[in-house]
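Letter by letter, the chains look like this.
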Amino acid sequence: MELPTKGGGLGVLMAPLFAVAAIPAAVADTVPSAELRPGALETMVVLGTGTQTSIFENPASITALEAHELRRTPTTSVAELLRDVPGVRLFDDGTAGMKRISIRGETSRRVTIKVDGHALTDHSPYGTPLLLDPAIIERIEVVRGPSSVLSGSNAIGGVVNIITRRGGERPLEGSVSATGFSATRDYHSSATLQGASGAVDWRVTGSLADEGDRRTPEGRLSPSGFEQDQLSTHFGFRQGDHYVALKAEQYRLEADVYNPLPEGFTEFSIRLPQRDLRKVGLFYEGEPSSPAVSRVEASLYHQTVDRLFENQAAMTSGMTVGTTSDDRQTTYGADLQLELAVTGLGSSVLGLEYENDALATDKTSDVFMPFPPPAGQRSYTATSDEARIQTLSGYAQQAWELNDDTTAYFGGRVYAVEAELEASSDKALERNTDTRALGSLGLVYTPGDSWSLRANLAQGYSYPTLQQLFLTTTAGGQTTVGNPELLPEKANTVELGARYRDGRLTLDATLFHTRAEDYIGQEVDNTSGPQPIRRYVNIHQATTTGLELFGEHRLTATDTAFYLSGSVLRREYDFGESQTYDSGTPRLAGRLGVRQEWMPASAMRLEGDLFLRGESEVRERNAAGELTSRTAGFGTLNAYLGLQYADRLDVGLSLDNLLDKRYRSFGELTGEERSVTLTTTLHF
């Protein structure tokens, strides 16, 4: 469906700011004393090398969001914090409370989501939603591009690692936060108590959110609301160079799904009355007194996800369909990583990971057919399945300092995966196995303190989900069955990147090309009987070429900065018998703005941010060449005002869609009307 925009779309709206952004080039070369903003190239990250390395010296394409930056985005969604990362796009598929992310055009199922180093798994074909309260996050690291050597399966598009907060620094401290959203007429609130005493640190965080139907320039989307709550705890103990922590989280979500009535239907509704996550993890990190091992990190974790899905549909023909799916997913695993002290080379990392992921699902289907008349016929089925995936993998990464300016990184991982349908009420028991070796090669050249050049070759790997392998799903009258013969999806990428810093100007640019194969799609099976079904098959390939750019320019002797964050991307799908560049990915997407800081008093800091955010037109075609979806290009004007006072008070005011434009980002609900979000946090 096409959504027109007013005023000529993205190009017209962004042109004035592009012109303004060119002004700083004529400014004198005096370097201001103000610090670079959080998230600049000096930030230390773990992703990309497995050890603490600055973004400036990292071979991978990495973005890091620190706590200072995270609190500038008042939201109930972790995904919203990532919206402006180059190459990242959000998807909600009609469910505002369940946002997923795509990186470099790769669907959410091909992106690894980790919390404190542990992968969140989801066996639907849609990918893993980011279900976590932003209030407990300390930092987020994002790798764009294949990273399966260090980060495991599904990391074809990239990796998001969310690091949660530890305990306090004083005996007792905390914060209380409240946020109001005018676009949904609702709220989000959270409270944290934390402290430290001697060798012990601790934290307890609780939050509640209730958002109603979204209001857009054309009216309210009903139903599109959701409710969520979360409880998170951390307890840590330090003894010398050794630290042990116990973390526990509980997240509960109830959401409505907005679905405009499809043609030929008199009723169509989807509900998610339950999406609950519980996790307990035990962590260790330390520096043993060993000449060979400089650092050890180990963890054990147990995680459960409970999901309930309900679908009701009635057609103009008189046929009605009601389906439910009650899923219980249980995951436990263990990780071990060693940093070795190898004289004369560089950092060496060895790791071992084990994951056991089990899914038990109960499905029902209630179908009424109005023929034969006069009474028609009703059929009711109930099925149950139990399936499991076990993954054991080992990896190694070696840094080799070729000279003072050049460092090479060599990495490899070996996988052994076994998936099995262990019990079923209506299907034969099946199994699928795979063993695979992957590699990566990176090179970083730093000719001086200002420039960093890099080249990176990396492989990605995504094993099929249990649903794609074994399960049968019915929704809206359409049935899709699994295929135990599926192959894993694979990808190879090459990147060339450059980073620059001089105190005033910060640049991070990446040119990349990715070729992926054995994509899992669906095809119609007309041999299954009078009612055709769809089956998962390896039929697709994709080739993606793009440029990602982040740049910030500070004016001389002021706290004014112009910045740009965005991507240019061209992605081609190959269905075997047809090819198309209409792959559901915008050619151009990003954010462009100007930021100003003031310090009217020693204890007070003010910040203003005026920016444009948008994307170009998006089209999507299927294997038959039919246009299945389209959204017009758009650009929205937005602003942010922030106040900090003496580390005691944070106030943030977001003014979104100031021109009240009608727009929709591909894969998301129609954008909100002109709206205000106000958040206040009190620290004590």
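Parameters at a glance
- Residues numbered from 1 in each chain as written.
- Predicted model: local features only at pLDDT ≥ 70, side-chain atom pairs only at ≥ 80, totals over all residues.
- Heavy atoms only, no water.
- Core = buried A, V, L, I, M, F, W, Y, C linked by side-chain atoms within 4.5 Å.
- Buried < 20%, exposed > 50% of the residue type's maximum accessible area, 1.4 Å probe, protein only.
- Helix = DSSP H or I, 4+ residues; strand = E, 2+ residues; numbered from the N terminus.
- Contact = heavy atoms within 4.5 Å.
- Salt bridge = Lys/Arg side-chain N within 4 Å of Asp/Glu carboxyl O.
- Lys, Arg positive; Asp, Glu negative; His and termini not counted.
- Polar contact = N/O pair within 3.5 Å; in protein donor to acceptor, adjacent residues only side chain to side chain.
- Phe/Tyr/Trp six-rings, centres within 6.5 Å; stacked < 30°, edge-to-face > 60°.

Another aspect to go through is the nonpolar core. Counting residues in each nonpolar core, the largest one holds 44 residues, and the members touching the most others are Leu82, Ile101, Ile137, Ile140, Val142, Val160 and Ile162. Counting residues per element, the ones that place at least two in this core are strand E4 (88-91), strand E5 (100-103), strand E6 (111-115), strand E8 (137-144), strand E9 (158-164), strand E16 (242-257), strand E17 (265-286) and strand E18 (293-315). The element best represented in this core is E17, accounting for 5 residues. In contact with valine 142, not counting residues within four places along its chain, are Leu47, Ser61, Ile62, Thr63, Leu82, Val85, Val88, Ile103, Val159 and Val160. In this structure, Leu359, Leu438, Leu469 and Leu486 belong to the second largest nonpolar core, which totals 18 residues.

This paragraph deals with the pattern of salt bridges. Tallying each qualifying case throughout the model produces 55 salt bridges. A salt bridge links arginine 613 to aspartate 84, with the nearest nitrogen and oxygen atoms 2.8 Å apart. Taken as a pair, arginine 613 in strand E33 (residues 604-615) and aspartate 84 in the loop between helix H2 (67-70) and E4 lie far apart in primary sequence, 529 residues in all. Here the salt bridges share partners, and the residues they tie into one network are Asp84, Glu552, Arg591, Arg595, Glu597, Arg605, Glu607, Asp609 and Arg613.

Along the chain, aspartate 133 falls in the loop between strand E7 (118-119) and E8. The buried charged residue aspartate 133 lacks any salt bridge, with arginine 203 as its nearest oppositely charged partner at 8.1 Å. A distance of 2.7 Å separates polar atoms of two side chains, one belonging to aspartate 133 and the other to serine 207.

Take the packing of aromatic side chains next. Counted according to the given criterion, the structure contains 7 aromatic pairs. Where tyrosine 519 meets tyrosine 573, the ring centres are 6.4 Å apart and the plane angle is 70 degrees; that geometry is what we call edge-to-face. Placement of the pair is tyrosine 519 in strand E28 (residues 505-525) and tyrosine 573 in strand E30 (residues 560-574), with a sequence separation of 54 residues. The same class applies to tyrosine 519 as to tyrosine 573, namely buried. Between tyrosine 573 and phenylalanine 575 the ring centres are 5.9 Å apart and the planes differ by 55 degrees, which places this aromatic pair in the tilted class. Among the residues examined, tyrosine 573 registers a relative accessible area of 12% and is labelled buried. Counting every residue linked through ring pairs, the aromatic cluster contains Tyr519, Tyr573 and Phe575.

Purely spatial values, then, with no claim about function.
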